[in-house]
Every structure is written in C-alpha cells, then in structure tokens.
Amino acid sequence: FKQKTAYEIASCLVGSEMCIRDRIKGIIMNYKNTRYLLTKRPEGMPEDDCWAIDEEAITTLQNNEILIKADYLSIDPYMRGRMNDGMSYAAPVQLGEVMVGESVGRVIESKSNKYKIGDLVTVHKGWQTCIKAKDSEVTILRVPDSKLPSSVFLGTLGMPGRTAFFGLNRVGMPKSGETLVVSAASGAVGSVVGQLGKLAGCHVVGVAGGPEKSEYVRNSLKLDHCIDYKNDNILEKLKEYCPNGIDIYFENVGGELTKNVAQLLNKGARVPVCGFISKYNSTDIRSEETPFHVLGALNPKPKHRFFVVTEWMNEFEKTTSVLHEHVKNGDIKYRETITEGFENAPQALRDVLSGKNFGKQIIKI
Ligand code: NDP
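Owing to the predicted nature of the structure, the values given are computational and were not obtained by experimental measurement. (Residues numbered from 1 in each chain as written. Predicted model: local features only at pLDDT ≥ 70, side-chain atom pairs only at ≥ 80, totals over all residues. Heavy atoms only, no water.)

Along the backbone of the protein there are 11 helices and 15 strands. Over its C-alpha trace the protein gives a radius of gyration of 22 Å, about what one expects of a compact globule, namely 21 Å for 365 residues. Taken along its principal axes, the extent of the C-alpha atoms in the protein is 75 × 45 × 35 Å. By the burial criterion, 52% of the 365 residues in the protein qualify as buried. Sequence separation of at least 24 residues holds for 64% of the intrachain contacts in the protein that already meet a minimum separation of 6. Total accessible area on the protein stands at roughly 17,100 Å², and carbon and sulfur atoms take up 51% of it. (Helix = DSSP H or I, 4+ residues; strand = E, 2+ residues; numbered from the N terminus. Rg over C-alpha atoms; globule rule 2.2 N^0.38 Å. Buried < 20%, exposed > 50% of the residue type's maximum accessible area, 1.4 Å probe, protein only. Contact = heavy atoms within 4.5 Å. Areas by Shrake-Rupley, 256 points an atom, 1.4 Å probe, with all protein chains shown as cover.)

This is the structure:
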C-alpha cells in the first residue's frame, strides 16, 4: 500500500498541478480520512493484525460528489464472512481494500444538487472516518427527520431492523396464534423479530446467552419466554414453552440450537435463515454442518431459505418509516452497545462474534 501511495503522490507531482492543489487544500482544511484496510485473512477470530490503519488526505470534490464525516460505524456479524477469501452471498473484501461496513454521519462538503451540507445520511462505504462519495451511490440513504439519536439508523431503524422485518414477514409469514422462536433474541436483528412477532399476535420464545440478556428479552422486550442457551436445557425448555410445537423459527445462530428446534417444528413450519453466527469463525466453513443440512434432512422439510435484506431494497424507505412509528409509539424497544473510539472497531467485531455485545454494536468515531 505504501508503494501505491508513493506512486500516487509521484503521479500528482509529475502529472497534475490541480492534484497538488487539492491535496494542499485537504491538508489545510484538515480533511483527513482514517480507514481500516484488510491486510490478512483471519483464521478463526479476527485478530488486530488482520487490518492496517491508513490515513489519506481528502482531495477537492468533483461535481456530484459529497464528503461525509462519519459519526458512528456499525459493527455486524456479516463482516466476518467478508474477510474470508471464498464467495458467500457477497464478494469478499480484497486484501488492501477498505474493510466493509456502514456508517451514519453528516455531509460536510457538497458539490451535489441532491445533498447539502448538514444533511444526515447512512452510507455503506466501509470503516472510514471521512467518506468521499458520488451522490448517485445506491448505498447512501437520507436519514429521516427524527428525535432519535442517529446511531439508531444503523440498528433498529437501519439494516438490522429491516432484515428482521423482511425475514419475518416475507419468509416467516407469521399468523396470529402461531409460535415463533427467535435466536440471538437480544441482538440487533433478533430483538426486532421478537417484538414484531408479538405485534403480529404470535406466541414468541426468544433464545439468548446468559441470565442478563434473557431477563431483558422477557421483561423489556416483553417476549413470552426466553431460553438461556448457556445455562438451560434447551430441548426441555423448548418443549415447555412451545406446547403446540414451533411454526416459525427465525434462524440467526445455527449449531446445536437448530437441531433442538428441528425436533419440534410443526408441519408447514417456516424457517427464515438469516444467518448462523456460531459457525462464522470456522477455519473451514464449507465443512461445517449448516442449518440447511439439518433442516433439509427433515421429513417433512420445513419451508426454509436463506434471505438477504437487499432483496427488498426498493422497500427500504417505507419499511424504515413503519419501524420508526413502532419505536416512537414504544411498541419496539432497542438497546445499543456504543463503544467510543474508531480504534476499538476490531475488538467490537470480536465482541459481536463472541456475544459480549448487548444489543446493536456501534462504534462512536
Ligand atoms: P447481534 O446484535 O445479535 O449480535 C450477535 C449475537 O449473536 C451475539 O450478541 C450473541 O448473542 C450471538 N452469538 C455470537 N456468537 C454466538 C455463538 N457462537 N453461538 C450462539 N450465539 C452467538 O447481531 P445481528 O443482530 O446483527 O445479527 C444476527 C444474525 O443476523 C447474524 O447471523 C447475522 O449474520 C444475520 N444477519 C443477516 C442479514 C441478512 O440479510 N441475511 C443481515 C443482518 C444480519 P448471545 O449472547 O445471545 O449468544
């Protein structure tokens, strides 16, 4: 990377007076971007040496470009998969590229007719503090007027909340009176799934790790029951809390939990497979038993499929506003773990992958 920067500077010096002016302006205005580059593929838990921190001066905006100062960065489980070499549902981050991620922040410079200085937006351009982007970039979404903190638009009112909404409603198709089980129930996606399930009239059982998270799921999120998979006998508790069997299992975790749930699925059950975080740190994910192996072997098979939130991209705005109303009315509660300091992003990712986060994991930059 150092070589590349040296090459770029040399090209500027030789080739373009304009480029030198831009760089000087960037330095004077103190428009500096700090970013994480992926430098190594992890084996197991991603350690600090998987990334290098890089700083670049921001050059003058061209027409239709904006500069966004990121206030909060979202830390999500899917990031681990993108650090692997193999293709998943999205292409891997290449070595030397900016680490993938979404942030929320304000436009601080604009040469765009679409966005003006001061506009609040979310943008999916990776672990960066100062983001230059074309205004046509599809991942830039305007944050609606709200009294809520902007970080919420990375969680309950952002990608995880919409994931919960689409996965539950479009794949899970809940009906009043049905039994819904949701794993990682205190987390960003799971907490919204559970509460939407209650609003749909379902009997909802959450699964979470440890007594504190389970108490939160029962008493704050108001799910009917919560199983502490670290301390309870999962199968016994599932039988006790789901006397009529399970109609929908919202899969976030995989592993032993899926095998236990599979034993109680009713005929006609639906399983939206959102993720299976218990396997994300595997050194050979292709050899792992996934929910598809477990569910596909059942007779009858439940209706199950992996879904990705971007399938419903054209409905993002409408769905965010539905979720926004629920939060404003107090029908949906949320919780965040906000870690101060961009330098703590790698540890925050490890926390998410080991359950140390409690609610949506955010980095305050
Ligand atoms: P969360 O906020 O729920 O954080 C992750 C949680 O997963 C942890 O807090 C922990 O909760 C649980 N967990 C971590 N490791 C394990 C493990 N080994 N076994 C069991 N549980 C574990 O994350 P999100 O809500 O952002 O993501 C939840 C799931 O949704 C993930 O699988 C993610 O990949 C998926 N997802 C899928 C999307 C899609 O479009 N398909 C989009 C967004 C997310 P606890 O302490 O309770 O165990």
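Counted by the stated rule, this structure contains 11 aromatic pairs. Arranged with centres 5.2 Å apart and planes meeting at 80°, the rings of Tyr36 and Trp127 form a pair that is edge-to-face. Of this pair, Tyr36 sits in strand 1 (residues 32-38) while Trp127 sits in the loop between strand 5 (120-123) and strand 6 (130-134), placing them 91 residues apart in sequence. In this structure, Tyr36 and Trp127 share a single accessibility class: buried. With a centroid separation of 6.0 Å and an interplanar angle of 65°, the aromatic rings of Phe276 and Tyr280 are classed as edge-to-face. The same class applies to Phe276 as to Tyr280, namely buried. Members of the aromatic cluster, connected to one another through ring pairs, are Phe165, Phe166, Phe250, Phe307, Trp312 and Phe316. (Phe/Tyr/Trp six-rings, centres within 6.5 Å; stacked < 30°, edge-to-face > 60°.)

Further remarks concern helix 7 (residues 234-241). Those residues of helix 7 lying buried are Ile234, Leu235, Leu238 and Tyr241. Down the axis of helix 7, the buried set is contained in an arc of 140°. They therefore lie on one face. Exposed residues pointing more than 90 degrees away from the buried face of helix 7 are listed as Glu236, Lys239 and Glu240. Along its buried surface, helix 7 packs onto strand 8 (179-182), strand 9 (203-208), strand 10 (225-228), strand 11 (246-250) and helix 8 (256-262). (Arc of directions from axis to C-beta.)

This next bit is on the pairing of strand 13 (residues 303-306). Two elements, strand 12 (residues 265-273) and strand 13, share four bridges in a ladder whose sense is parallel. Across the sheet, the residue bridging to Val273 is Phe306, located in strand 13. The handedness of the strand 12 to strand 13 crossover, carried by helix 9 (residues 291-296), is right-handed. (Pairing = 2+ DSSP bridges. Right-handed = clockwise from strand over helix to strand, strands pointing away.)

All right, on to the pattern of salt bridges then. This structure, assessed with the given rule, holds 21 salt bridges. For the salt bridge of Glu315 with Arg170, the shortest nitrogen-to-oxygen distance reads 2.9 Å. Of this pair, Glu315 sits in the loop between strand 13 and helix 10 (316-329) while Arg170 sits in helix 4 (residues 159-172), and the two are 145 residues apart along the sequence. The buried category is assigned to Glu315, whose relative accessible area is 17%. The partner of Glu289 in a salt bridge is Lys259, with the nearest N and O atoms 3.0 Å apart. Separated by 30 residues along the polypeptide, Glu289 in the loop between strand 12 and helix 9 and Lys259 in helix 8 bring together distant segments of the chain. The network of salt bridges with common partners includes Arg35, Asp54 and Glu56. (Salt bridge = Lys/Arg side-chain N within 4 Å of Asp/Glu carboxyl O.)

For the rest of this paragraph, the subject is the site of the ligand. Lining the immediate surroundings of the ligand are 28 residues, of which Val189, Lys213, Tyr229, Tyr280 and Asn357 lie closest. The contact in question runs from an oxygen atom of the ligand to an N or O atom on the side chain of Asn357, over 2.6 Å. Computed on the free molecule, the ligand has an accessible area of 910 Å², of which 93% lies beneath the protein chains in the complex. For the shell around the ligand, the secondary structure elements donating two or more residues are helix 4, helix 5 (188-199) and helix 11 (345-354). (Near = heavy atom within 4 Å. Polar contact = N/O pair within 3.5 Å; in protein donor to acceptor, adjacent residues only side chain to side chain.)

Let us look at the sheet that holds strand 9. Strand order in this open sheet of six strands is 10-9-8-11-12-13, and the pairing throughout is parallel. The open sheet has two edge strands with one neighbour each: strand 10 and strand 13. Strand-to-strand twist in this sheet, taken as the mean axis angle between neighbours without regard to direction, amounts to 15°. (Axes fitted to C-alpha atoms, helices over the stretch in contact; angles between N-to-C directions.)

Turning our attention to the side chain of Thr122. As for its placement among the helices and strands, Thr122 is situated in strand 5. Filtering out sequence-adjacent residues up to four positions away, Thr122 remains in contact with Glu102, Ser103, Val104, Thr139, Ile140, Leu141, Val143, Phe153 and Leu154.

When two helices pack together, their arrangement is captured by the angle between the axes and the distance separating the axes. The contact between helix 4 and helix 10 brings their axes to 10 Å, and the two run at 95°. Regarding the angle of helix 4 to helix 10, the classification is roughly perpendicular. Residues Gly161, Arg162, Phe165 and Phe166 of helix 4 form the contact with helix 10, whose own contacting residues are Phe316, Thr319, Thr320, Val322 and Leu323. When grouped by side-chain class, the residues that make up the contact of helix 4 with helix 10 number five nonpolar, three polar and one charged. (Parallel < 35°, antiparallel > 145°, perpendicular 65-115°, else oblique. Nonpolar A, V, L, I, M, F, W, Y, C, P; charged D, E, K, R; others polar.)

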